[in-house]
Amino acid sequence: MQILVIGTGYVGLVAAAGFAEAGHRVLGIDNDAGKIAKIREGVSPIYEPGLDELLARHQASGSLAFSLDLSDGIAAADAAFICVGTPQSEDGSADLQYVLSVAGAIGSAMALRPLDAKPLVVVDKSTVPVGTAARVHAAIAAKTDRPFEVVSNPEFLREGCAIDDFIRPDRVVVGCRTDHAAAVMKGLYGKFLEASGGQWLRMDPPSAELTKYAANAMLALRISFINEIAGLCEKVGADVDFVKQGIGSDHRIGKFFLNPGPGFGGSCFPKDLQALLKVGRENAHPLRALEATVEANRHQKQVLALKVRAHYDCASGAPAPLAGRRFALWGLAFKAHTDDIREAMSMELIDSLASLGARVVVHDFEAMENVKAKLGDRVEYAADFMEACRGADALLIATEWPQYAAADLEKVGGLLKAKVMFDGRNLFRPEAMKAAGWTYHSIGRVT
Ligand code: UGA
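Residues numbered from 1 in each chain as written. Predicted model: local features only at pLDDT ≥ 70, side-chain atom pairs only at ≥ 80, totals over all residues.

Q: Provide a residue-level description of the overall build of the chain, including the pertinent values.
A: A tally of helices and strands in the chain yields 17 helices and 14 strands. Relative to the 2.2 N^0.38 estimate, which gives 22 Å for 447 residues, the radius of gyration of the chain is 24 Å and therefore close to what a compact globule would have. Expressed as a percentage of contacts within the chain between residues at least 6 apart in sequence, the contacts between residues at least 24 apart total 73%. (Helix = DSSP H or I, 4+ residues; strand = E, 2+ residues; numbered from the N terminus. Rg over C-alpha atoms; globule rule 2.2 N^0.38 Å. Contact = placed C-beta atoms within 7 Å.)

Q: Requested: an account of the packing of helix H10 (residues 269–282) against helix H11 (residues 288–300), with residues and values cited.
A: Describing two packed helices takes the angle between their axes plus the distance from one axis to the other. Remark: H10 packs on H11, axes separated minimally by 10 Å, with the N-to-C direction vectors making an angle of 150°. The orientation of H10 relative to H11 falls into the category roughly antiparallel. Here H10 runs over H11; the crossing is left-handed. On H11, the residues touching Leu273, Leu276 and Leu277 of H10 are Leu290, Glu291, Thr293 and Val294. (Axes fitted to C-alpha atoms, helices over the stretch in contact; angles between N-to-C directions. Parallel < 35°, antiparallel > 145°, perpendicular 65-115°, else oblique. Left-handed = near helix turned anticlockwise from the far one by under 90°.)

Q: Outline the pairing of strand S12 (residues 394–397), supporting the account with residue identities and numerical values.
A: Of the two faces of S12, the one holding Ala394 and Leu396 and the one holding Leu395 and Ile397 are both buried throughout. By the bridge criterion, four bridges tie strand S9 (residues 326–330) to S12 in an arrangement that is parallel. Residue pairing in the sheet places Trp330 in a bridge with Ile397 of S12. Relative to strand S13 (residues 420–423), S12 is paired through three bridges, and the arrangement is parallel. Bridge pairing in S13 links Leu395 to Met421. (Buried ≥ 20, exposed ≤ 12 C-beta atoms within 10 Å, placed from the backbone. Pairing = 2+ DSSP bridges.)

Q: Could you give an account of the UniProt feature "active site" (unreviewed entry) in the chain, with specific residues and numbers?
A: As annotated by UniProt and renumbered to match this structure, "active site" (unreviewed entry) occupies Cys268. Judged by the 23 C-beta atoms lying within 10 Å of it, Cys268 is buried. (UniProt positions renumbered as here; feature names shortened; annotations may be inferred.)

Q: Report on the domain arrangement of the chain, specifying residues and quantitative values.
A: Under the domain assignment used here, the chain contains domain 1 (2–203), domain 2 (213–297) and domain 3 (301–441). Domain 2 and domain 3 are separated by 24 Å when their C-alpha centres are compared. Listed per partner, the contact involves nine residues of domain 2 and 14 residues of domain 3. Along the lines of polarity and charge, the residues of the side of domain 2 that touches domain 3 split into three nonpolar, six polar and no charged. (Domains from an automatic or database assignment. Nonpolar A, V, L, I, M, F, W, Y, C, P; charged D, E, K, R; others polar.)

Q: Please give an account of unusual backbone geometry that cites residues and values.
A: At Asp313, a residue that is not glycine, the phi angle is positive and equals roughly 55°. Of note in this structure, Glu343 is not a glycine but carries a positive phi near 55°. The residue Glu343 is located in the loop between S9 and helix H13 (345–355) in this model.

Q: Please give an account of helix H8 (residues 205–236) that cites residues and values.
A: Here H8 spans 47 Å end to end across 32 residues, near enough to the 46 Å set by a 1.5 Å rise per residue. Positioned one or two residues after H8, Gly237 has a phi angle of 75°, which is positive. (Expected span 1.5 Å × (residues − 1).)

Q: Break down the nonpolar core for me, with residues and values.
A: Ranked by internal contacts, the top residues of the largest apolar core, which has 129 residues, are Leu4, Ile6, Ala80, Phe81, Val122, Leu395 and Leu396. Filtering out sequence-adjacent residues up to four positions away, Leu395 remains in contact with Ala328, Trp330, Cys389, Val412, Leu416 and Met421. (Core = buried A, V, L, I, M, F, W, Y, C linked by C-beta atoms within 7 Å.)

Q: How would you explain the site of the ligand if you had to name every residue and give the values?
A: Of all residues adjacent to the ligand, which total 21 residues, the nearest are Glu159, Asn259, Gly261, Phe264 and Cys268. At the level of elements, H8 and H10 are the ones that each hand at least two residues to the shell around the ligand. A total of three residues in the shell around the ligand trace back to one element, the largest contributor, which is H8. Classifying every residue of the shell around the ligand by side-chain character gives ten nonpolar, six polar and five charged. (Near = placed C-beta within 6 Å.)

Q: Could you give me a rundown of the packing of helix H4 (residues 97–109) against helix H5 (residues 132–141), with the residues and numbers involved?
A: Between H4 and H5, the least distance of the axes is 7 Å, while the angle of their chain directions is 40°. For the element pair H4 / H5, the angle class is oblique. Helix-helix and strand crossings are classified by hand; for H4 and H5 the assignment is right-handed. Between H4 and H5, the contacting residues are Val99, Leu100, Ala103, Gly104, Ile106 and Gly107 on the first element and Thr132, Arg135, Val136, Ala139 and Ile140 on the second. In the contact of H4 with H5, the residues fall into seven nonpolar, three polar and one charged.

Okay, structure coming up:
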C-alpha cells in the first residue's frame with residue numbers, strides 16, 4: 001500500500017519507519033525543511049533505539065522517502081496519517097490547531113486525486129480528544145467533495161521501545177465507520193498483527209479516541225496507587241517489593257507496570273491526564289480518581305527531595321541548609337532508554353536541592369544535551385557516572401538506566417565522601433546495601 005505520514009515527530013517517524021518495515025511505500029511529510037534535510041541524510045531528530053537503522057535501510061531501498069509537500073504523494077495514497085503535535089493549551093486541553101490545519105491541507109490537495117480513486121483513508125494518529133475525528137472530517141469536507149473517510153487509530157508506543165511496540169503490537173485500535181476504511185487499516189497492520197498475535201479491535205471513532213486517554217489514565221493511576229502504597233510501606237515497616245509481588249500475582253491485577261518510583265513524567269501521562277480531566281469537566285462529569293492521581297504524582301515528585309531533607313535534618317527552615325554540600329545525580333531522563341526530560345522528576349529534584357544551597361553534578365546516558373540546553377551552568381556535568389560521584393556527599397538516582405544497576409558499588413562508595421544513597425528507582429536490595437555499609441534510602445522499603 002502507499003501511505004502519507006504527516007508530521008515527523010515521535011509518532012510520525014516511528015510510524016513511517018514501521019510501515020516501511022511492513023513492506024508499504026511511505027512518504028513522510030513535514031513543513032520543517034531543516035528536519036526533512038537531516039532525516040534524508042540519515043540523522044534522526046529524536047533518540048529512539050532502532051529508528052536510525054530503519055530510516056537508513058528503507059530510505060536506501062526507496063520504500064521510504066520524505067518531502068515538504070503532501071501534494072507529492074496524495075494522488076496515489078491509500079491512506080494519510082495525521083501525526084502532528086497536540087500540545088497542551090493553558091486550560092489543559094489538547095491544542096488541535098496543527099491537526100486541523102493538516103486536515104485543511106489534505107482537503108485542498110484532494111483535487112490531485114484521480115476522479116475514480118477509492119476514498120482516501122485519513123487517519124488521526126495524534127492523541128486527540130473525543131470528537132476530533134468529526135472535526136477533522138468537517139475540515140476536509142470544507143475543502144473538497146472527493147471521497148475520503150476519517151479513522152481514529154491511536155498509538156500505544158512507549159518511548160525507548162517504540163519500534164518494538166509498533167512492530168509487535170498487542171492490539172491495534174481502529175475507530176472507523178466503513179468496511180473500506182477497516183480493510184485499508186487491516187492491510188497496513190495485518191503483517192504485524194499476524195506475527196505478534198495482537199488483537200484487531202474495530203470500534204467507532206469516539207470509542208477509539210477515548211481508549212487512548214483511558215489507557216494512559218489507567219496506567220498513570222496504577223503508578224500513583226503503587227507509589228502511595230510504597231509511602232505507606234515505609235510508615236508501617238512493610239516492603240513494597242513483597243506487596244507488589246503479592247498483589248501482582250492476582251491475574252486481575254497483573255504484575256506489570258507496578259514499579260514504585262519518583263513519580264511519572266514524560267510527554268504523555270501528564271498531558272493526557274490534563275486533557276482527559278478537561279473532557280470530564282466539559283461534559284459535567286468530573287473524573288475524581290484522576291484528579292487524585294495528578295495530586296498524588298505532584299507529591300511523589302518531591303519524594304527524593306524530602307528524603308534528602310530528612311537525612312540532613314533540613315527541617316529548620318534555615319535559608320541554605322545544604323550549602324557546601326555536593327550531590328551526584330544519576331539519571332535525568334523521565335525514564336530509561338530515552339533522552340526526553342519533559343516533566344522529568346530530575347528537574348524538580350535539582351530545583352529543590354539548589355534552593356537548599358547544594359551543588360548537583362549530573363549524569364545521564366542520553367539526556368545530557370537536553371539538560372545543558374535547559375539548565376546551562378546551574379549544574380555540573382560529569383563525563384561519566386563514576387566521575388559524578390567523586391567527592392560528593394551522596395548519590396541520588398532518578399532514572400533506571402540498567403548501567404546504574406550494574407555499577408560497582410564498592411568503587412562508588414569509595415568515590416563518595418560517605419556511603420549514602422537516595423535511590424528513586426529501587427535498583428538495589430536494602431538488606432544487601434546495609435550489609436555493605438550503605439545508608440540506603442529507597443521507595444517503599446525500610447533499610
Ligand atoms: C506512555 C504509555 O505507556 C504508552 O502506552 C503510550 O503510548 C504513551 O505514553 C503515549 O501516550 O504516547 P511513555 O510516556 O513513553 O508511554 O512511558 P511509560 O513507560 O509509560 O512511563 C511513563 C512514566 O511512568 C515514566 O515516568 C516511568 O518512569 C513511570 N513508571 C512506569 C513508573 O514509575 N513505574 C512503572 O511501573 C512504570
